[in-house]
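Architecture at a glance
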Amino acid sequence: MGRSFRPKLIALLAATALLAGCSNRSADGPVNLTKGIPVGAVLALTGNANVYGQDQKIGIDLALAQLNGQAISLQIEDSGSDEPGANAAFNLQINRGVLALIGPTLSQQAFSADPIAQRRGVPVVAPSNTATGIPEIGHFISRVSAQSSVIAPLSIAKALQINPAIRRAAVFYAQDDAYSTAETVIFQKALTNKGLKPVTVQRTQLNDQDFQNQITSALSKKPDLIVLSLQAVDGGNMVRQLRELGYRGMIVVGNGMNTPNIYPICQKYCDGILIAQAYSPELKNPANQVFLAAFAKAQSRNPNASTIPPQLTAQAYTAMQVIGEALRRLDTQKPLKSLTVAAARKALMDEILGGTYQTPLGKISFTPTGEVVQKEFFVAQVRMNPGGRSGRFALLP
C-alpha cells in the first residue's frame with residue numbers, strides 16, 4: 001500500500017466509524033427510494049486482485065441492464081485488494097442505506113468485512129468467495145460461488161483420468177491468502193484420497209514474483225503433477241517459471257486462476273493447465289443464452305476483447321440477478337416504501353434464501369445457511385491461441 005493512500009484510508013475508516021454510531025437510527029427510518037432501490041457492490045478494482053474486480057463489474061452491469069428496467073440504484077465502491085479497504089467500503093455502503101451488498105471480491109476480504117454486514121443486518125451475496133466457512137459467518141451472508149470443497153477435487157480426478165500413470169504430486173499455495181490456504185487443504189485431501197500424498201508442499205506469498213527457490217526444490221522431487229492454489233498474477237508467474245525451468249508435466253490450478261486475465265501473464269505457457277469450473281459458456285439454458293448475447297454485445301465495442309465470458313463475470317451477473325429477483329418478489333408482497341431500512345433488509349434476506357433462480361450457472365437455490373445449491377460443474381483445459389496472448393477454457397468431456 002502506497003504512503004499517499006494510507007492517510008486517505010485512515011481518514012475514511014475514521015469517518016465510517018463515526019457514521020456507524022448513527023447507523024441504528026438510519027436503519028429505523030424509511031427506505032430512500034428517491035433514486036431507486038439502493039443496492040451496493042464492493043469490488044477489488046485496484047490492487048493485485050483488480051483483474052477479478054474488473055470482470056465482476058462487467059457482470060453486475062450486464063445483469064442490471066437485464067432486470068427489465070427495475071428501478072435499482074446501484075453504487076459500486078472500490079475495496080482495493082486488502083481487508084481495510086473492504087471494511088471501509090462495506091461501512092460506507094451500509095451507512096448509505098443500501099438494502100443488500102454484492103462482494104467483496106476476495107475470501108480474505110470477506111472474512112474481515114462480512115461480519116460488519118452481519119452485525120448490522122445487511123444481506124450479502126458473495127460472487128467469488130469460495131473458501132470454507134463464508135456462509136457460516138452469519139444469517140445475512142450467502143454466496144453464489146460454489147465452495148472449493150465441491151469444485152477443486154474434480155480437476156484432480158480429471159488429471160488422473162487423462163494420465164493414470166501420475167504418481168508424484170507437488171503442491172504450491174500462498175500462505176498469506178485465505179482462499180489459497182483453504183483450497184490447498186482440499187486439494188491435498190483430494191490427492192491423498194487418490195493415493196497421491198504430496199511429495200512436497202511449497203509456500204509462497206501473494207506478492208511474490210520470483211519462485212525459483214520453491215520451484216527448484218519441488219522439481220528435485222521429480223513430480224509428474226503440480227497443483228497450484230494461487231491468485232491470477234502470482235499463479236500466472238508461477239506457471240510461466242515452472243515451464244521455463246523445465247517442468248513438462250501436468251498442472252492443475254485452483255479457482256484463483258479462473259480468469260482469462262492469466263493469459264498475458266503466463267502466455268504460451270498457460271496452454272494445457274487444468275481447472276474445475278462452476279460456469280460454462282456452453283451451458284444451454286435460456287438464462288445463459290441471454291447472458292452470452294449481452295456479454296457479446298458489450299464486448300463488440302472492443303474488437304480485441306473476447307466474446308467468451310469468464311466465470312467471475314457470470315457469477316457476478318448471477319449475484320445481481322438474485323438480488324434483483326428477490327427485491328421484485330419482496331416489493332410485490334411488502335411494498336418497500338412501507339418498510340424501514342432494517343425491516344427491508346431482513347425481509348430481503350429471507351426472500352433471497354427462499355428463492356429458486358434460473359441463472360447462467362444453471363438452476364440454483366440456497367441452503368438455510370446461505371450456501372449455494374448448484375448441480376452443474378465442469379473441468380476445462382486452457383488452449384492458447386497462436387502468439388500466446390489469448391486463449392480459451394475448453395471444456396473436457
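Preceding this paragraph is the structure being described.
These remarks concern the structure in this document. (Residues numbered from 1 in each chain as written. Predicted model: local features only at pLDDT ≥ 70, side-chain atom pairs only at ≥ 80, totals over all residues. Heavy atoms only, no water.)

1. Let's talk about the state of the cysteines
- According to the stated counting rule, one finds one disulfide in the structure shown.
- The disulfide bridge from cysteine 266 ends at cysteine 270, spanning 1.9 Å between sulfur atoms. Between cysteine 266 and cysteine 270, the S-S torsion sits near 95 degrees, and that sign places the bridge as right-handed. Summarising the burial analysis for this pair, cysteine 266 and cysteine 270 share the class buried. (Disulfide = S-S within 2.5 Å. Buried < 20%, exposed > 50% of the residue type's maximum accessible area, 1.4 Å probe, protein only.)

2. Digging into the pattern of salt bridges
- Under the defined criterion, the tally for this structure stands at six salt bridges.
- For glutamate 244, the salt bridge is made with arginine 240, and the minimal N-O distance between the two is 3.4 Å. Of the two residues, glutamate 244 and arginine 240 both sit in helix H9 (residues 232-244), four residues apart, roughly one turn of that helix.
- Judged by its relative accessible area of 46%, glutamate 244 is partly exposed.
- Of the charged contacts in the structure, one is a salt bridge between arginine 329 and glutamate 351, with a shortest N-O distance of 2.8 Å. With a gap of 22 residues between them, arginine 329 in helix H12 (residues 311-333) and glutamate 351 in helix H13 (residues 341-354) connect regions that are remote in the sequence. (Salt bridge = Lys/Arg side-chain N within 4 Å of Asp/Glu carboxyl O. Helix = DSSP H or I, 4+ residues; strand = E, 2+ residues; numbered from the N terminus.)

3. A look at the nonpolar core
- With 71 residues, the main nonpolar core has Leu99, Leu225, Met320, Ile323, Leu327 and Ile352 as its most contacted residues.
- Sort the elements by how many residues they give to this core and H12 lands first, with ten residues.
- With 34 residues, the next largest nonpolar core counts Ala170, Phe172, Cys266 and Leu312 among its residues. (Core = buried A, V, L, I, M, F, W, Y, C linked by side-chain atoms within 4.5 Å.)

4. Remarks on the sheet that holds strand E13 (residues 372-374)
- If you walk across this open sheet you meet the three strands as E11-E12-E13, and the pairing is antiparallel. Taken across any chain shown, the strands that pair with only one partner, and hence form the sheet edges, are strand E11 (357-359) and E13. Direction aside, the axes of adjacent strands within the sheet are offset by 35 degrees on average.
- Where strand E12 (residues 362-366) meets E13, three bridges bridge the pair, whose relative direction is antiparallel. Looking at E13, one finds that phenylalanine 366 is bridged to valine 372.
- On the sheet, H12 packs against E11 and E12 and is oriented at approximately 150 degrees with respect to E11. (Pairing = 2+ DSSP bridges. Axes fitted to C-alpha atoms, helices over the stretch in contact; angles between N-to-C directions. Contact = heavy atoms within 4.5 Å.)

5. Section: the sheet that holds strand E1 (residues 37-43)
- Pairing in this open sheet of five strands is parallel, and the strands run E2-E1-E3-E4-E5 from one edge to the other. A strand with exactly one partner marks an edge of an open sheet, and here the two such strands are strand E2 (72-78) and strand E5 (141-143).
- Judged from the three bridges that link them, strand E4 (residues 124-126) and E5 form a sheet pairing that is parallel. Counted as the bridge partner of valine 124 is isoleucine 141 from E5.

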